[in-house]
Amino acid sequence: MFLHIGADVVVPKKDIIAILEIETKSSPITKEFLEIARDEGFIEHVSGNNKEKSYLITTDKIYFSPISCTTLKKRSDSIIDE
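Keep in mind the model is a prediction, meaning the values are calculated, not measured.

The rules behind these values
- Residues numbered from 1 in each chain as written.
- Predicted model: local features only at pLDDT ≥ 70, side-chain atom pairs only at ≥ 80, totals over all residues.
- Heavy atoms only, no water.
- Helix = DSSP H or I, 4+ residues; strand = E, 2+ residues; numbered from the N terminus.
- Rg over C-alpha atoms; globule rule 2.2 N^0.38 Å.
- Buried < 20%, exposed > 50% of the residue type's maximum accessible area, 1.4 Å probe, protein only.
- Salt bridge = Lys/Arg side-chain N within 4 Å of Asp/Glu carboxyl O.
- Core = buried A, V, L, I, M, F, W, Y, C linked by side-chain atoms within 4.5 Å.
- Contact = heavy atoms within 4.5 Å.
- Pairing = 2+ DSSP bridges.
- Axes fitted to C-alpha atoms, helices over the stretch in contact; angles between N-to-C directions.

**Examining the overall build of the protein**
Across its full length, the protein carries two helices and six strands. Listing every helix and strand of the protein by position from the N terminus yields β-β-β-α-β-β-β-α. In terms of C-alpha radius of gyration, the protein reaches 12 Å, essentially the compact-globule figure of 12 Å for 82 residues. Oriented by its inertia axes, the alpha-carbon framework of the protein measures out at about 40 × 20 × 20 Å. By the burial criterion, 34% of the 82 residues in the protein qualify as buried.

**Notes on the pattern of salt bridges**
On inspection of all chains with the given rule, the structure shows four salt bridges. The residue D15 makes a salt bridge to K14 at a minimum N-O spacing of 3.4 Å. A salt bridge links R38 to D39; its shortest N-O distance comes to 3.6 Å. Of the two residues, R38 and D39, both sit in the exposed class.

**Considering the nonpolar core**
A general tendency of soluble globular proteins is for nonpolar side chains to be buried together. Among the nonpolar cores identified, the biggest contains 10 residues, and these are L3, I5, V9, V11, I16, V46, L56, Y63, I67 and L72. Of all the elements in the fold, those that place two or more residues in this core are β1 (2-6) and β2 (9-12). Once you skip the residues sitting within four places of it in the chain, L56 turns out to touch L3, I5, V11, I16, A18, I19, K61, I62, Y63, S65 and L72. In this structure, I22, L34, A37 and I57 belong to the second largest nonpolar core, which totals seven residues.

**Let's talk about the sheet that holds strand β4 (residues 43-45)**
Here we have four strands laid out as an open sheet, ordered β3-β5-β6-β4, and mixed in their pairing. Either end of the sheet is taken by a strand with one partner, and the two such strands are β3 (16-21) and β4. Strand after strand, the sheet turns through a mean of 20 degrees between neighbouring axes, direction not considered. Note that strand β5 (residues 54-58) and strand β6 (residues 62-65) share four bridges and pair antiparallel. When the sheet's bridge partners are listed, L56 is paired in β6 with Y63. Running over the sheet, helix α1 (residues 28-40) touches β4, β5 and β6 and is turned about 110 degrees from β6. With respect to the sheet, helix α2 (residues 69-78) is in contact with β3, β5 and β6, its orientation differing from that of β3 by roughly 145 degrees.

Worth remembering: the numbers are spatial, not functional.
Laid out in structure tokens, this is it:
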């Protein structure tokens, strides 16, 4: 199944490693991780800059989403896996 994370972007649920609140990126170790990911080209902004509420770490990218963690979790739980 897929999870809609904003705009016209969907990601396979099986590829999602973590869904985190945007406030967690203020940690020094997380900042370093995200800087390296940005330098390597792994970050994709789903919304306009400074409108992110959460970010998703997947097996191949990191997505910054305008949708809150709570809403993404509810969407994920409401999708019936086959």
